[in-house]
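# Examining the three-dimensional arrangement
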Amino acid sequence: MSQGRPGDWVPLDPTPGPPAPPNPFVHELHLSRLQRVKFCLLGALLAPIRVLLAFVVLFLLWPFAWLQVAGLSEEQLQEPITGWRKTVCHNGVLGLSRLLFFLLGFLRIRVRGQRASRLQAPVLVAAPHSTFFDPIVLLPCDLPKVVSRAENLSVPVIGALLRFNQAILVSRHDPASRRRVVEEVRRRATSGGKWPQVLFFPEGTCSNKKALLKFKPGAFIAGVPVQPVLIRYPNSLDTTSWAWRGPGVLKVLWLTASQPCSIVDVEFLPVYHPSPEESKDPTLYANNVQRVMAQALGIPATECEFVGSLPVIVVGRLKVALEPQLWELGKVLRKAGLSPGYVDVGAEPGRSRMISQEEFARQLQLSDPQTVAGAFGYFQQDTQGLVDFRDVALALAALDGSRSLEELTHLAFELFAEEQAEGPDRLLYKDSFSTILHLLLGSPRPAATALHAELCQAGSSQGLSLCQFQNFSLHDPLYGKLFSTYLRPPHTSRGTSQTPNASSPGSPTALANGTVQAPKQKGD
């Protein structure tokens, strides 16, 4: 864009930069024929014995975990446990835990570097978090305290181990829980060595170890020194990764238990002392520690993260969902036998009309309560449980394969653009722009708002004209491909579109990597 004419368009980044990092949410395990034979044999002989013995040891952990907290009140559990309970139960759990991982095939834990004392670093941050086997890092760290979901307390044995650990518990259903967790982390981290160290997996979810996800600020809120801990699995075949898309829990467990020997490397990096600026800004602190750990691992530090239950990747200067909820909505509606193209949406351009779930069902001619609730839940609701019908209209139009991309983006502008206080033209302001990108691409609203501000910097107004919006969404070398990938997946007939695979050419992953290539032939 240029200031002289709002219709002119200059790509945000005309010079090609370095390719984006690999998608950290997808793990593909390719086995040769010989490896398949080996895993079939060892899986039939070795894996069942290992898993059975490991579960026996897991249940043997329960008496030690129960004994440490038996008879203690909630007030007593607010202080670190000492005395014979600490000596007997701590050593018992530590020894049995090492035996459990040994039985699962982790015959060697190689430790590099020196673990800092609780006075030197009250907080440990471990990455990359790639598997449910990662708690093995607790062993060389002498069983530090952890942060876990409160719901895990109801899981047999696991709940007892969390009570034994005096874990800091956070509830997803209690809005005040996160505030209490922050206060508890700060209290323990600033206790002057009274409490054992607290271990965090700051990524918050598992990846494929090819890049570090964005660090959450929880481990850095106290502003105290932290010690980064690196986790590596230097095995010839990666059977441990448990990413968002890839082998499931049982397959990862079976394949890993079928390996003759699995090795884990745990490396303690030097203690990171925050600057005054980092102590006051947990996000800055987290980002800087992430970069230090990524450099030590030799992998990229990314802004990829989970937003709600959806993985978000970075494409250019925008964050987009790996699989937008729009695709899931299309599956729900097709399963119900609804063709989006035959729904008379009747949304009024430029004006919001809030509708209830009952009116939503009537408008879409849906009768099954479960389908109605599922489809209605894809849209953002206000405090009264109502949704903006413009959101519904745009989503249905996007799912209808009869409109061209130009028609679809024109409809999006007409639905959400607003009249100017001065001047005849209508403009797309930041809230409406972020709503469109959230609906069509699954972009988090803050990321879309930041991009809108950048697009408007070259102009004289705070909004985008139709020409500017379509130049961005249709003609920009990167974002134009992004819109076409998300809104025009391969389809066989009207209303029967299929969502692109995250690892296929032209997919979001390919765009994030900066490549759109022809598919490789079998055997390449």
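Residues numbered from 1 in each chain as written. Predicted model: local features only at pLDDT ≥ 70, side-chain atom pairs only at ≥ 80, totals over all residues. Heavy atoms only, no water.

By the naming in an unreviewed UniProt entry, the chain goes by Lysophospholipid acyltransferase LPCAT4 and is assigned to Callithrix jacchus. Per its UniProt entry, the chain bears the Subcellular location (unreviewed entry) comment "Membrane". The annotation that UniProt attaches to the chain under Sequence similarities (unreviewed entry) is "Belongs to the 1-acyl-sn-glycerol-3-phosphate acyltransferase family." (UniProt positions renumbered as here; feature names shortened; annotations may be inferred.)

## Points about the overall build of the chain
Within the chain, the secondary structure is distributed over 17 helices and 14 strands. Counting only residues that meet the buried cut, the chain has 48% of its 524 residues in that class. By sequence separation, contacts in the chain at least 24 residues apart represent 71% of the contacts at least 6 residues apart. (Helix = DSSP H or I, 4+ residues; strand = E, 2+ residues; numbered from the N terminus. Buried < 20%, exposed > 50% of the residue type's maximum accessible area, 1.4 Å probe, protein only. Contact = heavy atoms within 4.5 Å.)

## Here we look at the packing of helix H8 (residues 325–335) against helix H11 (residues 389–399)
Across the interface, H8 lies against H11 with an axial gap of 10 Å and an inter-helix angle of 75 degrees. Taken together, the axes of H8 and H11 lie roughly perpendicular to each other. Where H8 abuts H11, its residues Leu326, Leu329, Gly330 and Leu333 lie against Ala395, Leu396, Ala398 and Leu399. A breakdown of the residues in the contact of H8 with H11 according to their chemical character gives seven nonpolar, one polar and no charged. (Axes fitted to C-alpha atoms, helices over the stretch in contact; angles between N-to-C directions. Parallel < 35°, antiparallel > 145°, perpendicular 65-115°, else oblique. Nonpolar A, V, L, I, M, F, W, Y, C, P; charged D, E, K, R; others polar.)

## Observations regarding the confidence of the model for the chain
Per-residue pLDDT for the chain has a mean of 83; in total, 85% of the residues score no lower than 70. Within the chain, the element-level pLDDT minimum falls on helix H17 (residues 508–512), averaging 55, and the maximum on strand E6 (residues 226–232), averaging 97. Below pLDDT 50 for its whole length, residues 490–500 participates in 20 contacts with residues either more than four positions away or in separate chains. Taken together, the stretch residues 513–524 has pLDDT below 50 and engages in eleven contacts with residues farther than four places along the chain or on a different chain. (pLDDT = per-residue confidence, 0-100.)

## Describing the UniProt feature "transmembrane region" (unreviewed entry) in the chain
Mapped onto the present numbering, the UniProt feature "transmembrane region" (unreviewed entry) falls at residues 39–62. Helix and strand shares over residues 39–62 are 100% and 0% respectively, and the end C-alpha atoms of the span are 32 Å apart.

## With respect to the sheet that holds strand E9 (residues 310–315)
Pairing in this open sheet of three strands is antiparallel, and the strands run E8-E9-E10 from one edge to the other. Edge positions in the open sheet fall to strand E8 (305–307) and strand E10 (318–321), since each of these has one partner strand only. Sheet twist, expressed as the mean angle between neighbouring strand axes with direction ignored, is 45 degrees. Summarising the sheet, E8 and E9 pair through three bridges and their orientation is antiparallel. When the bridges of E9 are listed, Glu305 appears paired with Val312. (Pairing = 2+ DSSP bridges.)

## Here we look at helix H14 (residues 445–456)
Over its twelve residues, H14 runs 16 Å from end to end, which matches the ideal 16 Å to within 8%, given 1.5 Å per residue. Looking at H14, one finds that the buried residues are Ala447, Ala448, Leu451, His452, Leu455 and Cys456. Looking at the packing, one finds that the buried side of H14 touches E10, helix H13 (430–441), helix H15 (466–475) and helix H16 (479–487). (Expected span 1.5 Å × (residues − 1).)

## What about the packing of aromatic side chains?
Under the counting rule described, the total for this entry stands at 17 aromatic pairs. Aromatic pair Phe215 and Phe220: ring centres 6.5 Å apart, planes at 15 degrees, arrangement stacked. Its relative accessible area of 0% is what places Phe220 among the buried residues. Seen from their ring centres, Phe472 and Tyr479 are 5.2 Å apart, and the 40 degrees between their planes marks the pair as tilted. A residue is classified by how much of its surface remains accessible, and Phe472, at 0% relative accessible area, is buried. The class of Tyr479 is buried, set by a relative accessible area of 2%. Taken together, the ring pairs connect Phe101, Phe106, Phe132, Phe133, Tyr233 and Trp242 into an aromatic cluster. Directly above the ring of Phe39 sits Lys38, whose terminal nitrogen or CZ lies 5.1 Å from the centroid. (Phe/Tyr/Trp six-rings, centres within 6.5 Å; stacked < 30°, edge-to-face > 60°. Lys NZ or Arg CZ within 6 Å of the ring centre and 35° of its normal.)

## Details of the pattern of salt bridges
In the structure shown here, the tally under the stated rule is 18 salt bridges. Among the ionic pairs, Arg110 bridges to Asp265, the shortest N-O distance being 2.6 Å. Taken together, the positions of Arg110 in strand E1 (residues 106–112) and Asp265 in strand E7 (residues 262–268) put the pair 155 residues apart, joining distant regions of the chain. Given a relative accessible area of 3%, Asp265 falls into the buried group. Across the pair Arg390 and Asp388 runs a salt bridge, and its minimum N-O distance is 2.9 Å. The exposure class assigned to Asp388 is buried, which follows from its relative accessible area of 10%. By sharing partners, the salt bridges in this structure join Glu79, Glu184, Arg187, Arg188 and Lys194 into a single network. (Salt bridge = Lys/Arg side-chain N within 4 Å of Asp/Glu carboxyl O.)

## As for the environment of Trp66
Note on placement: Trp66 falls in helix H1 (residues 33–69). For Trp66 and Ala160, which are 94 residues apart along the polypeptide, the C-alpha to C-alpha distance reads 6.2 Å.

## Some details on empty space enclosed by the protein
For the coordinates displayed, the defined rule picks out two cavities of 30 Å³ or more. Here the second largest cavity is characterised by a volume of approximately 70 Å³. Considering the residues around the second largest cavity, the lining is formed by Gln68, Ile81, Lys86, His90, Leu143, Lys145, Phe164, Asn165 and Gln166. Elements represented by at least two residues in the lining of the second largest cavity include exactly helix H2 (84–103) and helix H3 (158–165). Considered class by class, the residues forming the lining of the second largest cavity number three nonpolar, four polar and two charged. (1 Å grid on protein atoms, 1.4 Å probe; cavity = no way out; pocket = protein on both sides within 12 Å on 5 of 7 lines; lining within 4 Å. Points joined across faces, edges and corners; volume = space filled by probe spheres on them.)

## Digging into unusual backbone geometry
Trans peptide bonds make up the majority, and among non-glycine residues the majority have a negative phi. Residues Ala127 and Pro128 are joined by a peptide bond in cis, for which omega reads -5 degrees. Of note, Pro128 is situated in the loop between strand E2 (123–127) and strand E3 (145–149). At Gln166, a position not held by glycine, the phi torsion is positive, near 55 degrees. Checked against the element boundaries, Gln166 lands in the loop between H3 and strand E4 (168–170). Of the residues examined, Gln166 reaches a relative accessible area of 6% and is grouped as buried.

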